Each structure stands twice: as structure tokens, then as C-alpha cells.
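Commentary on secondary and tertiary structure
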Amino acid sequence: MCGIVGYTGHVQAAPILLDGLARLEYRGYDSAGLAVRNGSSPAEVVKAIGKLYHLADKTDQGRALPGTCGIGHTRWATHGDPSMVNAHPHVSGNCSGSGSGTVESDVVGVHNGIIENFTELKEKLLRHGYSFYSETDTEVVVKLVDYYYKKYKIGPVDAITRTMVRVRGSYALALMFKDYPEEIFVARKDSPLVIGTSEDASFLASDVPAILKFTRSVYYIDNLQVGRISPGSVKFYDLNGDEVQLPVTEITWDTAAAEKDGYEHFMLKEIHEQPKAIRETLGSLVREGKITLEETGLTEEMLRGISRIDIVACGSAWHVGMASQYVIEDLARIPVRVELASEYRYRSVPLAPDTLVIVISQSGETADSLAALRVAKERGAKTLAVVNVIGSTIAREADHTLYTLAGPEIAVATTKAYSAQLIAMDVLAVQLAAVRGIITEEQTAGYLAALEAIPDQIGRILEEKERLQWFSSKIANTHDIFFIGRGLDYAISLEGSLKMKEISYIHSEAYAAGELKHGTISLVEQNTLVIGVLTQGNLFEKTLSNMLECKSRGAYLMGLTTNGNFSVEDSVNFTVYVPKTDEHFLASLAIVPLQLLGYYTSVNRGLDVDKPRNLAKSVTVE
Ligand code: F6R
């Protein structure tokens, strides 16, 4: 949902800003823009519609823009269509046109987030003589800062804090003021923002990979704080304008984690990184054969005291919740509800202190998941965040945080973070069962051994990816796909279907297999592809009969099952096998062929696999 970057130092800013934006392009890619200051001369603003390379071409890879202080933006449209006029940066001046070129404005800014009361603020500013050239909420917030700056003749920090108390919504804002040539001012509420410093330069970005090439020392600015950034140093302030000290964090992971490393796409690279993501996540939760949740702060006593679990998340993270529901209920005998965060936050779900609300999120910034977490805390439940991005808002606000160690995930469609979340939830399920005395030590050891074998088993599935590549070339022109399964297989179907549709743009739906005949089966016609997930022994025959019902109506069938179930070949047109493991953990294996199927189908259709249309990696608006 939009990415922002900034640089102030002693070398040319624009190439650095473009480099940072390239690493943030997964956050939005309908337009991009830069504003750069050269000493005390006015800001030069350049914008371009479409992917970032248009902006790079327009500025000769940044070389055509002189200046050592600047900000940049890559947009995922919220207010107003993707156009030059709506692209960021936005300026405070009453200019005509799109606010690009050399602009004399006092304030120039970029923004990630949504200002909810922008209409009311716009009316106020119109009454005070401002005019507007775009449809964006960002232009309003930039002009509001300008208004307070001039009305009260105060410094940038005070003008920004006054603005912050007037706006409702979420923002990571970076602003340059005409009177402060080498400085950038930032403010944050509920949208991600990191600040980095090196000896003689400073950087800001929506996400660490954008600045990692230049510095490993970063500050995670808190909600409702302001930063004043100058070359090599940064100061932070609270809403009263009082200076606050923030700790500096040294990033230990490598930039290589955010490079393609010879793979054609990030998604394929990340699919192959799943064994590592699982091994590392397991390694942090299981030491010397014992589960240790110490770093989360969850004690055995707390786990024993839980009488209900609500899992809240969005998209693929919600699918992890769906899979975990079956595992936790079966192993630990605790009732689990799985809720979409966008619904949960607006429901009056009664919560008690013995309810554990688990929020699962790769980015740790998803607006609905964050809101659901806050609602759960307000209502007195215990909260646990299962999060991948270290220092993210959800990770910081939850009572307890369990970090998945998948490393940075760049492709918009999640793969390795999903797998790391699944494993983390499986370990939690085993631990809940163990501390509540439902499974013996021996059983616990058996489950852990099964989990530890999963990375190698995924490696074996990946060795056979060519079969899926071949099958995907056969189905690349299909119009509709149904993924069906029961129990855990239904949860796998949900994720398989999302992987397919989000990157191949082929319409696809996941159904609990028994539900299909209550209406949806009327959509099945000659050659409709039905993919049945058949990993659960007790449900195998039931789902297979549902697949055959589709076949009688013309469907073409693919079956996904475990090694040894060869009889399935008598009924279906194409079969994919995954290794056997304890049935509770089969989602970790069965999802891999479905990820590959989605990936290769997208490649065969010539689509932008890593940046599918209309999507953004981190959904920081509701
Ligand atoms: C799909 C996908 C999304 C995310 C969802 C939640 O491939 O990646 O459905 O799972 O937007 O995002 P996080 O996990 O960052 O909260």
C-alpha cells in the first residue's frame, strides 16, 4: 500500500531514492514520483504513471535530477485514480497542473496510509484560500501542515504535531520544507516507517530492504512520533514536541535475502526458500528436542489457563488460521474460532481473560489485523502475534509475539511466510496439547520429529516441479477452477485457490467438498478443472466421491494426495503425490505443488508474477 523513501546526505539523492523505490515496488506500482532539493533551490518534482522504470527513464536513472536531499513514493491508489495529478509527491503551493516541475512550495510531501477525515479538512483549507489540484488525501495533509506552519509561524515539528492532532487515519509522512534545505521531517501513525543513519547520511523507508544497502542501523519510529532527519543524524519528538530517545536496532540479515539470486522471480525463489524458513522458525521454537516459547513470554501456566482461542487474520494468514484450527482442536482439545480481521474488528465478540486471540500477519502492518488486535486487547483477552517482520506494529503492540523467521518476503503472493506461520502454529498446537497433559512426552517427541522432517520433504517435492510446470501449460487457458477438500484439506484448498487466482487471474474458488452440491456445482461444465485435495485418510473417500460427482458433469480432475494412494489414478485425470507425514501437518507439504501450479500458470500466461495487478504486499488501509 504505497512505499515511501527519503535520503539526505552528500551525494546525489535521486539514484538512491530510485534504488530504494525499486525494493518497495511490491507495495504499489501504479505510479511513482520523486522530489529532490539542491541546496536552497526549490524542489524539483518528477512523476510518472505505471511501473517504476517509467520514472527511472524519465530521470535518466536519477542522474538528471541534481540535489542531495529528496523523497520518493510508489503508489497504490486509494483516493483518486492512478494519474499524474494524483501521483506523489504533493506540494503545498496553489499550483496548476500536477504539481510537478520546479515547485516553489513551502512544503512537499509523500504519504503512505489513509486520512479518513480529509474531506472535512479540505473544506477548512478551501475556506482559508487553498485550492486543490488532485483528488488525494495526501495533498490535503501537506496543505494542512503548510497552513499551521504559516498561521502560527512555528517550526516544522510543531506544524506537523498540530496537523497530527487534527487528522484521523493512518500515515507515514515524509515532508521537506523550503526553509530547511537539508532536512526531511517524518511522522507516523499505523503505517510502517524506518529511519536509518550512516556516518554522513540518513535514510527513511517503508521497509528495511529499501535502505539496507546503505546502512544497517535503523530506528523504528513509534506511533504518533515525529522525526527530524539531517545528514547522519535524526531526532525524535512526541506529540507535545518534546524530544524522545529511540533505541537503534542493528539489522543482522543480509541484503541477499532481498535479491532474486538467479531465480526468474522472487516468488519462485521464495518457494525454494521454504525449507530454510521452516528450519529457522522451528529452530527458534524447539531446542534440544524441547519446545520453548520463552521468547514469546507465554508460560506453561498461561497455556494451561486458555479456554478458547480466536485466530484473526487476513488472506493467506487467515488460511493458516483455518488450517491451525483443525490441528489445535484435534491435538489440544481447545475450541478455536477463525475470523477475518476485517469482520472481527466490527463485531461485538465477547472476550474474556482466558481467551487467547492470535493475530497472524507476515507484514505485521495489515490495517484490519492491527485493528482486531487492538479490539481484542481492549476487551481484555490475552493477545499473541505471529509475525514475520521484526519491529512491526502488530509485533510491538501484542502482549506476546512469536516471530516467524522466513526473512524478507518480496513477491506479493506469500509462500515462505505462509509456511513459516503454519509451522509456528503447529508447534504451538503441540505445546498446548503437551502442557495440558493431552499428549505424552513420547507423542510430543513424535510430533516434533515429524515437523523436523518437513523441510527435507519439501525439498523432495521441489525436485519434481517440472511435472507441475507441464500441467500448468495444459491448464493455462482454463476459465474456472474449483479447489475442494474437507477438514484440513479444505484449508489447503483455500490457500491453493488464492495462489492460483491472485497471480494467474483465472477465476477460482475453494469449497468445502461437501458444500459444492448446495448450489455451486451448477457452475461445473465440460472441462471445468476441479482440484481435489485428498490428504486426510478418514475423508479421502468422501472427497473423492464429491470429485466424481463433478466428473459426471464434465469436470476434468486433478487429485493431490499422499504417496501410496495410487488408487486415485483410476478416477482422476492427473495426480500429484506428496510424501507422507503425520496428517496434522500435511498442509505444509500439500501447499507446495499448489504454489508451483499457481506460479507456473502465471508464467505461462505471461503475467507479472511478483507484482500482480491491483494488489500490494502490505495492506495498510482497511
Ligand atoms: C496472498 C497474501 C495476502 C496476505 C494478506 C495478509 O498471497 O499474501 O492474502 O496474506 O494480505 O497480509 P499479512 O500477513 O501481512 O497480514
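Below you will find a few notes about this structure. Every chain's residues receive numbers from 1 upward, in the order its sequence appears when written. Whole-chain, interface and lining totals are the exception, using all residues; otherwise, since this is a predicted model, local features are given only for residues with pLDDT of at least 70 and side-chain atom pairs are given and counted only at 80 or more. In computing side-chain values, all of the structure's heavy atoms are included and hydrogens and water are not.

**Focus: the overall build of the chain**
By the criteria applied, helices consist of DSSP H or I runs no shorter than four residues and strands consist of E runs no shorter than two, each listed in order from the N terminus. A tally of regular secondary structure across the chain gives 18 helices and 28 strands. Restricting the calculation to C-alpha atoms gives the radius of gyration, and the globule rule supplies 2.2 Å times the number of residues raised to the power 0.38. Relative to the globule expectation of 25 Å for 622 residues, the C-alpha radius of gyration of the chain, 25 Å, shows essentially globular dimensions. Along the three orthogonal principal directions, the C-alpha set of the chain runs to about 75 × 55 × 45 Å. In this scheme, a residue with accessible area under 20% of its type's maximum is buried, one over 50% is exposed, and one in between is partly exposed, where area comes from a 1.4 Å probe on protein chains only. In the chain, buried positions account for 62% of the 622 residues. Two residues form a contact once any of their heavy atoms are found within 4.5 Å. Of the contacts made within the chain by residues no fewer than 6 positions apart, 71% connect residues no fewer than 24 positions apart.

**Considerations on helix 9 (residues 315-332)**
Quick reminder: α-helices carry 3.6 residues per turn. Residues three or four places apart thus point the same way. To estimate how far a helix should reach, multiply one less than its number of residues by 1.5 Å. Along its 18 residues, helix 9 runs 25 Å from first to last C-alpha, staying within 8% of the 26 Å computed at 1.5 Å per residue. The sharpest bend along helix 9 measures roughly 25° and falls at Ser-324. For helix 9, the tally of buried residues reaches 14 of 18 residues, placing the bulk of the element in the interior. The bend reported for a residue corresponds to the angle between axes fitted to the seven residues ending at that residue and the seven starting there.

**Observations regarding the site of the ligand**
The ligand sits among 14 residues. The nearest are Ser-361, Gln-362, Ser-363, Thr-366 and Glu-502. Here an oxygen atom of the ligand and a backbone polar atom of Val-412 are 3.4 Å apart. Note on areas: these come from Shrake-Rupley sampling with a 1.4 Å probe, and a residue is covered only by the protein chains present in the view. Calculation on the ligand without its partners gives an accessible area of 410 Å², and the protein chains cover 89% of this total. Going through the elements one at a time, helix 9 and helix 16 (488-504) are the ones with two or more residues in the shell around the ligand. Across the shell around the ligand, the residue classes break down as five nonpolar, seven polar and two charged. An automatic or database domain assignment supplies the start and end points of every domain. Taken domain by domain, the makeup of the shell around the ligand includes at least three residues from each of domain 2 (266-461) and domain 3 (465-604). Near, as used in this document, describes a residue that has one of its heavy atoms within 4 Å of the molecule or strand being considered. Whenever a nitrogen or oxygen atom comes within 3.5 Å of another N or O atom, the pair is scored as a polar contact, on the condition that within protein one atom can donate a hydrogen and the other can accept it, and that pairs from neighbouring residues in sequence are kept only if both atoms are in side chains. Under the scheme applied here, ten amino acids are nonpolar (Ala, Val, Leu, Ile, Met, Phe, Trp, Tyr, Cys and Pro), four are charged (Asp, Glu, Lys and Arg), and all others, including Gly, are polar.

**Some words on the sheet that holds strand 21 (residues 355-361)**
For two strands to count as paired, DSSP must find a minimum of two bridges between them. Taken in spatial order, the five strands line up as 20-19-21-22-23 in an open sheet, and their pairing is parallel. Whereas interior strands pair on both sides, the edge strands pair on one side only; in this sheet they are strand 20 (336-340) and strand 23 (400-403). Averaged over neighbouring strand pairs, the angle between their axes works out to 20° when direction is ignored. Bridge count between strand 22 (residues 382-387) and strand 23: four bridges; the pairing is parallel. Bridge pairing in strand 23 places Ala-385 opposite Thr-401. Axes here refer to lines fitted to C-alpha atoms; in helices the fit is confined to the stretch in contact. Angles between the N-to-C directions go from 0 to 180 degrees. Helix-sheet contacts for helix 13 (residues 416-435) involve strand 19 (308-313), strand 21, strand 22 and strand 23, and the interaxial angle to strand 21 is about 160°.

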